[in-house]
Amino acid sequence: MHLLALALYHRDGRPTPHVLPFKPGKLNIITGWSKTGKTTLVDIVDHCLGRRRTPLPQGLITDTVGWFALLIQTGASRVFVARRHPRTGSTSDAMLVFGDHRLDVPTADQLRVNSNTESVRSEISGRLGIEDHLIHSPDGSAYNVHLGHALPLCLQRQTEIADSGRLFHRQTDHEVFTALKNGLPYFLGAAGPEQAARKQQLLTTTRRLSTLRRTFDQARRHASSSTTVRIALARLARQAGLIAELPDPLQPAELESLLHAALESPAHIPTPRTETGLAERLSAERRTLTHDLGEVDDALRLLDLWAQQTADLTGQLHTQRSRLTPLGVLATRDDGHDTCPMCTQTLPEADPAINALSQLARELEQELTDLDALAPAREQSRRTLTAEREQLIRRVRENAVAEQALRDNNRALRRAQDQREQQALVRGRILQALQHPVADDTVDLSALRREIDRLEEIRRDLQHHVDQDDIAAETEIRLGDVARNMTAWARELGLEHADTADDVRISPTTLNVVVRTSGRRIPLDQIGSADNWIGYHLVAHLALHLYFVEHQRPVPHFIMFDQPSQAFFPEEHVHDAATLEDADLQAVRAYYRLMHKVVAQAEGRLQVIATDHAHLASTPWFRHAVVANWRDGDALVPAHWLAH
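Right, let's walk through the structure included here.

Along its length, the chain carries 17 helices and 16 strands. Counting over 644 residues, the chain shows a buried share of 43%. Look at the contacts in the chain between residues 6 or more apart in sequence, and 69% of them connect residues 24 or more apart. For the chain, the exposed area adds up to about 33800 Å²; of that, 51% sits on carbon and sulfur atoms.

Rendered as structure tokens:
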């Protein structure tokens, strides 16, 4: 998988995209001044290939770019993938198109969302040849390897290539680190199809071994006296009710007749009877009774509420009546409203208030009388409902007893069925034993034992290779192949400790470079100077990708380096290689010479893309590798886009 082009589409929808072409299988250099967008290229590639959240810089790109796209070559076919600018921080929409060598970058009006990031990674993973390889993490989780696990091996941002504490892209993210650590053995070929084949062979051998052990055990049992087996069967027949009594002691001569008797014995298992549909009727009756009981309880609660409200009202009426008593308006006689109710004297003038008080007193008396008259009816209703409730409770209990009896009956039925099944099983075993009355002399136990021992040795050997320790050992072996180039190239670049090192390799545990010398291991974070850190990053990634290419591993065959000359080429001051000191210039040239050499060694199978401030214009092969020179106004985002 190589990159053919990177394209930007203006957010205003203008049809022509800005395209940055790449040469497949070659060294591609994008050189230019600071702040021209070189570092952003790594993030754009990461974004287009399915990263969920990409930290694209805010500013010119956010203001102008609507879509990012890549044109990719995979074998003889091409893939065009495009994604919108993630202005909201995350987007899964994507456009995915497959074609032959004629597929090219489309115009803006042809952009359509027809896929998502999951499909992008799945489809490209398939074209890379990434199999459905399940990785089991130490935490118990499992996942299939895909393109997203391979991309960190292919990208190096400016802050990563000069980092002594990490070797791979986004390695500081724990999830990415874990995926890299678990996935590296697969990408190296230490785990995968070979491992799967061994696992399948182990499974087949284990099954064959189990079959042989069963055959051996059966043969050994038949080779021994069959009397023990028949005695055990007779006892089982007694337990199952097929034989009434066993003689004590049980003589072998009696076994034959006892076992035949067990086969011919009729089954005397009482089977309880059950009425069809009884369970449904009892269940329906229980629901009806429960419903009726609930309605009676509701009626009783209403009576209680009525009685309470009547008592409250009676109390209030008595209170009002007691207030009228001192006024004398409750006298039985009616002197009229012109007589004083207190002294019975005739008033000079009639008083309407006296008549009103008298009328109120009479109404209070009548209400109290009416309330008292309702009490007997209410109590009668209570007695009726209480009797009905007791009757319902009795019927609910009777229903529960009937259901329990039905459950007991069902259990008895199941026990009877179990006993019949046990009898059938025992009869079958007895019949089998009687059909093989003598030991099977046709089986060679010693030959079986030798075959079992041989398969057990094979199984142990396969199990050893399938174990995780074996994957680790295979990973170390393959990293040893990578280390040979790393060591040679580290010495070629004159990196610190390389000249005295036994080897320079990648640690599969820390995922960083380790220099091994006699008696000690020196990790990269214990080696000083940024030029050493960058140099070791270069040799590690170039050696690793050359291994991927030569062994046809399912990893994208491109690597992107951002600012590899930063240790010698400070972006704040240097705009041309002519300003470098001779020693620094030679170091930068050595970096790029190594990239050029490795790409040539890969014979068109490896693509290296480097973005840098350095421009070795006097070096022909460097000048030929430059695909973009962003100086004097040229940049990732065209100047005429900014004018609008």
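Let's pick the thread back up.
We now examine the sheet that holds strand β10 (residues 155–156). Pairing is parallel across the open sheet formed by five strands, whose spatial order is β10-β14-β15-β3-β16. Of all strands in the sheet, those with a lone pairing partner are β10 and β16 (626–630), marking the two edges. Direction of pairing for strand β3 (residues 27–32) relative to β16: parallel, over a ladder of four bridges. Opposite I30, over in β16, you have A628 as the bridge partner. Set on the sheet, helix α1 (residues 40–48) makes contact with β3, β10, β14 (558–562), β15 (607–612) and β16; between it and β14 the angle comes to about 145°.

Note on placement: R505 falls in strand β11 (residues 503–507). By relative accessible area, which is 11% here, R505 ends up buried. Of the polar contacts made by the side chain of R505, one reaches the side chain of D503; its length is 3.1 Å.

Relative orientation of the contacting elements helix α14 (residues 530–550) and helix α15 (residues 582–601) amounts to 5°, with a least axis distance of 11 Å. By the criterion of interaxial angle, the relationship of α14 to α15 is roughly parallel. In this structure, α14 uses D531, I534, G535, L538, V539, L542, L546 and E550 to contact α15, whose residues at the interface are Y591, L594, M595, V598 and Q601. When the residues that make up the contact of α14 with α15 are grouped by side-chain class, the tally is nine nonpolar, two polar and two charged.

The subject of this paragraph is the pattern of salt bridges. Within this structure, the stated rule accounts for 27 salt bridges. Note that R170 is salt-bridged to D173, the shortest N-O span being 4.0 Å. The partly exposed category is assigned to D173, whose relative accessible area is 33%. Taking the shortest distance from any N to any O, the salt bridge between E403 and R286 comes out at 3.1 Å. Remark: R286 occurs in helix α10 (residues 278–324) and E403 occurs in helix α11 (residues 352–435); sequence separation between them is 117 residues. The class for E403 is buried, based on a relative accessible area of 13%. The class for R286 is partly exposed, based on a relative accessible area of 36%. Through salt bridges with shared partners, a single network forms among R213, E456, R459 and R460.

Scanning all chains against the criterion turns up four aromatic pairs. Centre to centre, the rings of Y186 and F187 are 5.4 Å apart; their planes meet at 65°, and the pair counts as edge-to-face. With 5.1 Å between their ring centres and 80° between their planes, Y592 and F622 make a pair best called edge-to-face. Highlighted residues: Y592 in helix α15 and F622 in helix α16 (residues 620–625), separated in sequence by 30 residues. Over the ring of Y186 we find R553, and its NZ or CZ is 5.7 Å from the ring centre.

Turning next to the sheet that holds strand β12 (residues 512–517). Backbone-to-backbone hydrogen bonds pair the strands of a sheet. The strands run either parallel or antiparallel. Ordered by their spatial adjacency, three strands build an open sheet running β11-β12-β13, and the pairing between neighbours is antiparallel. Edge strands, defined here as strands with exactly one partner in the open sheet, are β11 and β13 (520–523). On average, each strand axis in the sheet is inclined to that of its neighbour by 30°, with strand direction left out of account. Of the pairings in the sheet, the one linking β11 to β12 comprises five bridges and is antiparallel in character. Opposite D503, over in β12, you have R516 as the bridge partner.

Attention shifts here to a negative patch on the surface. Together, E363, E367, D370 and D372 make up a negatively charged patch on the protein surface. Relative to the assigned elements, E367 resides in helix α11.

A few words on the nonpolar core. Counting residues in each nonpolar core, the largest one holds 108 residues, and the members touching the most others are L6, L49, Y536 and F558. Element by element, the count of residues in this core is highest for α14, at twelve residues. Apart from the residues within four sequence positions on either side, F558 is in contact with M1, L3, V45, L49, L151, C154, L155, H545, L606 and Q607. Within the second largest apolar cluster, 16 residues are counted, among which are L233, L258, V426 and L434.

Here we take up the pairing of β3. As a general feature of sheets, a regular strand has side chains that alternate between the two faces. Within β3, six of the six residues are buried, which leaves it mostly tucked inside the rest of the structure. By the alternation rule, side chains of β3 split into L27, I29 and T31 and N28, I30 and G32, which are all buried. Two strands pair when backbone bridges link them, and β3 and β15 are joined in this way by five bridges, in the parallel orientation. Residue T31 lies in a different strand from β15, and its bridge partner there is D612.

Structurally, L71 can be placed in strand β4 (residues 65–74). Classification of L71 as buried rests on a relative accessible area of 3%. As a C-alpha pair, L71 and V19 span 52 residues in sequence and 9.9 Å in three-dimensional space. Not counting the four nearest positions on each side in its chain, L71 is found in contact with H2, L3, L4, A5, R78, V79, F80, L103, D104 and V105.

Across the ten residues of β4, nine count as buried, placing the element largely inside the fold. Sheet analysis places strand β1 (residues 2–10) next to β4, joined by eight bridges and oriented antiparallel. The partner of H10 across the bridge, within β4, is V65. Hairpin connection from β4 to strand β5 (residues 77–84): two residues lie between these consecutive antiparallel strands, with G75 at a positive phi of about 65°.

Time to look at the environment of T288. Tracing the backbone through its elements, the reader meets T288 in helix α10. C-alpha separation for the pair T288 and V396, spaced 108 residues apart in sequence, amounts to 9.7 Å.

Attention now moves to helix α3 (residues 117–128). With twelve residues, α3 ought to run about 16 Å at 1.5 Å a step, and its terminal C-alpha atoms sit 16 Å apart, in line with that. When α3 is considered as a whole, its buried residues turn out to be T117, V120, R121, I124, S125 and L128. With its buried residues spanning 120° around the axis, α3 presents them on a single face. With respect to the buried face of α3, the exposed residues turned more than 90 degrees away are E118 and G126. Buried-residue contacts for α3 involve α1, β4, β5, β6 (93–99), β7 (115–116) and α4 (147–150).

Cut-offs used in this document
- Residues numbered from 1 in each chain as written.
- Predicted model: local features only at pLDDT ≥ 70, side-chain atom pairs only at ≥ 80, totals over all residues.
- Heavy atoms only, no water.
- Helix = DSSP H or I, 4+ residues; strand = E, 2+ residues; numbered from the N terminus.
- Buried < 20%, exposed > 50% of the residue type's maximum accessible area, 1.4 Å probe, protein only.
- Contact = heavy atoms within 4.5 Å.
- Areas by Shrake-Rupley, 256 points an atom, 1.4 Å probe, with all protein chains shown as cover.
- Pairing = 2+ DSSP bridges.
- Axes fitted to C-alpha atoms, helices over the stretch in contact; angles between N-to-C directions.
- Polar contact = N/O pair within 3.5 Å; in protein donor to acceptor, adjacent residues only side chain to side chain.
- Parallel < 35°, antiparallel > 145°, perpendicular 65-115°, else oblique.
- Nonpolar A, V, L, I, M, F, W, Y, C, P; charged D, E, K, R; others polar.
- Salt bridge = Lys/Arg side-chain N within 4 Å of Asp/Glu carboxyl O.
- Phe/Tyr/Trp six-rings, centres within 6.5 Å; stacked < 30°, edge-to-face > 60°.
- Lys NZ or Arg CZ within 6 Å of the ring centre and 35° of its normal.
- Patch = residues over 30% accessible without salt bridge, like charges linked within 9 Å, V, L, I, M, F, W, Y side chains within 5 Å.
- Lys, Arg positive; Asp, Glu negative; His and termini not counted.
- Charge placed at Lys NZ, Arg CZ, Asp CG, Glu CD.
- Core = buried A, V, L, I, M, F, W, Y, C linked by side-chain atoms within 4.5 Å.
- Expected span 1.5 Å × (residues − 1).
- Arc of directions from axis to C-beta.

As far as function goes, none of this settles anything; it's purely spatial.
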